[in-house]
Amino acid sequence: MTELLSGSLNNLTSPMVLFFILGFVATVLKSDLEIPNAIGKTLSIYFMMAIGFKGGVELSKTGFTGGVMISTVIAVILGIIIPVLSFFVLFKWLKLDVTNSGAIAAHYGSVSVVTFVTASTFLEQAAVHFNGYMVGMMALMESPAIFVSILLVRYLKKSTTDTAKGDLQDLIKESLFNASIVLLTGGLIIGYISGEKGMEMVKPFFVQPFNGVLALFLLEMGMLAGKRIGEFKEVGLVLFFFAIIMPVVNAIIAIILASSLGLSEGDRVLFAVLSASASYIAAPAAVRMAIPEANPSYYITMSLAITFPFNIIFGIPFYFYISQLI
Amino acid sequence: MKKLEIILESVKLNPALRILKECEISGYTLIHGVAGTGKHGRQQGFELTDVTTNVMIIVVEEPEKIYKAAEKLKTMLKNYSGMVLISDVEVF
């Protein structure tokens, strides 16, 4: 328990988390603080390139070990069971309608890149090793949940309007070739090809400023979360608690699965974080296309303004603690 | 000549452009990042995702093509926020 408290305290006093809180507070207090949109988008591209590249370089050192295969199996299993479980909790227990249940399940089954980045920084500070190919697992876990949830909605709600061929192509394009999947996978391949030598060339850009840039990006994320606070009322208490409890349940499932298959501590924590995180970039766009009847205020507010802050501030040290217990 | 102005969510931009093509409308003006408030609440303009961003398409064409496209667009936008406006214009 003392470890959990000290881990949480260390996390809470890290500049990244404190800048996130600052962004949130500044927006709630209606400060005129603003980060231009183009910078926000550039920062997210930077993270996806940097984390993909670093993962690829690590992979070039270790090579494709048996862990890659086991992790791929875990990623696929989690990518399917988490949205199904989330869907049935929402639909059967919480009595939410089919479309909103499916839309929210897609977000909770998919992943958040920034939560992963923050967790990997947390692990580096705690000197816990994790494998480079975990970035590939993140890319792998981004889409299945979106397709699974859309299929569940289509199956249970027969009246859903048919999707035109062109619209289906847009949906597949958005889900499989969106910016984060392209950059994470591309960065991973480039990092693998160029290896340690390539890393030396780009280190001043991708490694040294990484944490500072993360602090700036989390300031922006804090502001985005703060902007959504007005929509908490619409989300309601039931979904508010779902947005906190479901990630913890998903994280525990991931830790048990990863432990039983013998993954290292760092990889277990990252699987927990991937399972606990909710998408706020890829999933909203795909869901809006495929399930237009669902309310975007629910899924965007829940993933961006409730689950994301929860994971960044409390979730990561908690999952780290749980992974040590199991 | 008629002017067709369509304000719609970014996620429906490609389907809307396909409709214009089907109606043999090849020229249009596109404005990204359109923000505003309406029946569906405030469209904030940006949130790392295009879901809360609107775009505007402006077309000037023969009335027949404009009404044909407007009908199809209206059906397509059934579950989305947005507007389809038609007005008389003079091309100078």
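Scroll up for the structure.
Let me sum up the structure you'll find in this document. In this text the structure is predicted, and so the values were computed from the model without any measurement.

**Some words on the packing of aromatic side chains**
Residues and elements named next belong to chain A.
Line of reasoning, step 1. Applying the stated criterion to the full structure yields 19 aromatic pairs over all chains.
Line of reasoning, step 2. Considering the side-chain rings of Tyr280 and Phe308, the 5.5 Å spacing of their centres and the 75° angle between planes classify their relative orientation as edge-to-face. One end of the pair, Tyr280, is in the loop between α13 (265-276) and α14 (282-290); the other, Phe308, is in helix α15 (residues 296-325), and 28 residues separate them in sequence. Each member of the pair Tyr280 and Phe308 is classed as buried.
Line of reasoning, step 3. One aromatic cluster is present, formed by Tyr46, Phe47, Phe53, Phe205, Phe206, Phe210 and Phe217 through successive ring pairs.

**With respect to the interface of chain A and chain B**
Often the size quoted for an interface is simply the accessible area lost on bringing the parts together.
Line of reasoning, step 1. Taken residue by residue, the interface counts 26 residues in chain A and 18 residues in chain B.
Line of reasoning, step 2. Buried area between chain A and chain B, both sides added, is near 1,800 Å², and the carbon and sulfur share of it is 55%.
Line of reasoning, step 3. In this structure, the connection of chain A to chain B is made through two salt bridges.
Line of reasoning, step 4. Taking the shortest distance from any N to any O, the salt bridge between A:Arg288 and B:Glu9 comes out at 2.6 Å.
Line of reasoning, step 5. If you look at where chain A meets chain B, you find five residue pairs in polar contact (both at pLDDT 80 or more).
Line of reasoning, step 6. The set of elements that each furnish at least two residues to the side of chain A that touches chain B consists of α3 (37-62), α9 (165-176), α11 (210-227), α14 and α15 of chain A.
Line of reasoning, step 7. If you tally residues by element for the side of chain A that touches chain B, the top one is α11(A), at five residues.
Line of reasoning, step 8. In terms of residue class, the side of chain A that touches chain B is made up of 12 nonpolar, four polar and 10 charged.

**Some words on the pattern of salt bridges**
Between side chains of opposite charge, a pair can form when the charged atoms approach closely.
Line of reasoning, step 1. Going through the model one piece at a time under the given rule, you end up with 10 salt bridges over all chains.
Line of reasoning, step 2. When the shortest N-O distance is used, the salt bridge between B:Arg18 and A:Asp170 registers 2.8 Å. Taken as a pair, B:Arg18 in helix α1 (residues 13-22) and A:Asp170 in helix α9 lie in two separate chains rather than in one.
Line of reasoning, step 3. A salt bridge links A:Lys203 to A:Glu200; its shortest N-O distance comes to 3.9 Å. Linking A:Lys203 with A:Glu200, this pair stays in helix α10 (residues 179-206), spanning three residues, or about one helical turn.
Line of reasoning, step 4. Note on A:Lys203: relative accessible area 30%, which makes it partly exposed.
Line of reasoning, step 5. Residue classification places A:Glu200 among the partly exposed residues on the basis of a relative accessible area of 49%.
Line of reasoning, step 6. A single network of salt bridges, built from pairs that share partners, joins A:Glu58, A:Lys61 and A:Glu196.

What counts and how
- Residues numbered from 1 in each chain as written.
- Chains lettered and ligands numbered in written order.
- Predicted model: local features only at pLDDT ≥ 70, side-chain atom pairs only at ≥ 80, totals over all residues.
- Heavy atoms only, no water.
- Phe/Tyr/Trp six-rings, centres within 6.5 Å; stacked < 30°, edge-to-face > 60°.
- Helix = DSSP H or I, 4+ residues; strand = E, 2+ residues; numbered from the N terminus.
- Buried < 20%, exposed > 50% of the residue type's maximum accessible area, 1.4 Å probe, protein only.
- Contact = heavy atoms within 4.5 Å.
- Buried area = accessible area lost by both parts, 1.4 Å probe.
- Salt bridge = Lys/Arg side-chain N within 4 Å of Asp/Glu carboxyl O.
- Polar contact = N/O pair within 3.5 Å; in protein donor to acceptor, adjacent residues only side chain to side chain.
- Nonpolar A, V, L, I, M, F, W, Y, C, P; charged D, E, K, R; others polar.

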